[in-house]
Amino acid sequence: MGSQSYLDHLAVAASTWEQLWPRYRRELGGAWVSGDRVPGVGFGPAQLRFANNMKVEVLQPVRPEDNDFLQRFLAHRGPGAHHVTF
């Protein structure tokens, strides 16, 4: 793979995906890539792609009674950046 790495995506968390749509979908023009509302454990991811091929992953808590890591993150830090994946 060599010494170079590339940014795959930035992940942003909120209580619901809908809280993130105004910025990432409408204002910045992201196109839906993947994600669905099939119940997960702990979080539900979706990805948007932008004109420069950058992806933003939006995360929302799903079934926090089974795994509350994202809900705890939001309670402690509030909505915003969650992780960067290279």
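Because the structure is a prediction, the values reported are computed rather than measured.

Chemist: With reference to specific residues and values, describe the pattern of salt bridges.
Modeler: This structure, assessed with the given rule, holds four salt bridges. A salt bridge links glutamate 27 to arginine 23; its shortest N-O distance comes to 3.7 Å. In this pair, glutamate 27 and arginine 23 are both assigned in helix H1 (residues 21-27), four residues apart and thus about one turn of the helix distant. Judged by relative accessible area, which is 47%, arginine 23 ranks as partly exposed. A salt bridge links arginine 63 to aspartate 66, with the shortest nitrogen-to-oxygen separation between them at 2.6 Å.

Chemist: Describe the packing of aromatic side chains, listing the residues and the values that go with them.
Modeler: As enumerated under the stated definition, the model contains four aromatic pairs in all. Taking 6.4 Å as the distance between ring centres and 45 degrees as the angle between the ring planes, the aromatic pair formed by tryptophan 17 and tryptophan 21 counts as tilted. Judged by relative accessible area, tryptophan 17 falls into the buried class, the value being 2%. Consider the rings of tryptophan 17 and tryptophan 32, whose centres lie 5.8 Å apart with planes at 65 degrees: the pair is edge-to-face. With tryptophan 17 in the loop between strand E1 (9-13) and H1 and tryptophan 32 in strand E2 (residues 31-35), this pair connects stretches of sequence that are 15 residues apart.

Chemist: Can you lay out helix H2 (residues 69-77) for me, pointing to particular residues and giving the numbers?
Modeler: Among the residues making up H2, those that are buried are Leu70, Phe73 and Leu74. One side of H2 holds all its buried residues, which, seen down the axis, span an arc of 95 degrees. The exposed residues of H2 that point more than 90 degrees off its buried face are Arg72, Ala75 and His76. In this structure, the buried side of H2 is in contact with E1, strand E3 (42-49), strand E4 (55-62) and strand E5 (80-85). Of the residues trailing H2, glycine 78 is marked for its positive phi of about 80 degrees.

Chemist: Give me the environment of valine 58: which residues, what numbers.
Modeler: Of note, valine 58 is situated in strand E4. With 46 residues separating them along the chain, valine 58 and valine 12 place their C-alpha atoms 5.0 Å apart. When residues no more than four places from it in sequence are discounted, the contact partners of valine 58 are Val12, Trp17, Leu20, Trp21, Gly44, Pro45, Ala46 and Leu48.

Thresholds applied
- Residues numbered from 1 in each chain as written.
- Predicted model: local features only at pLDDT ≥ 70, side-chain atom pairs only at ≥ 80, totals over all residues.
- Heavy atoms only, no water.
- Salt bridge = Lys/Arg side-chain N within 4 Å of Asp/Glu carboxyl O.
- Helix = DSSP H or I, 4+ residues; strand = E, 2+ residues; numbered from the N terminus.
- Buried < 20%, exposed > 50% of the residue type's maximum accessible area, 1.4 Å probe, protein only.
- Phe/Tyr/Trp six-rings, centres within 6.5 Å; stacked < 30°, edge-to-face > 60°.
- Arc of directions from axis to C-beta.
- Contact = heavy atoms within 4.5 Å.

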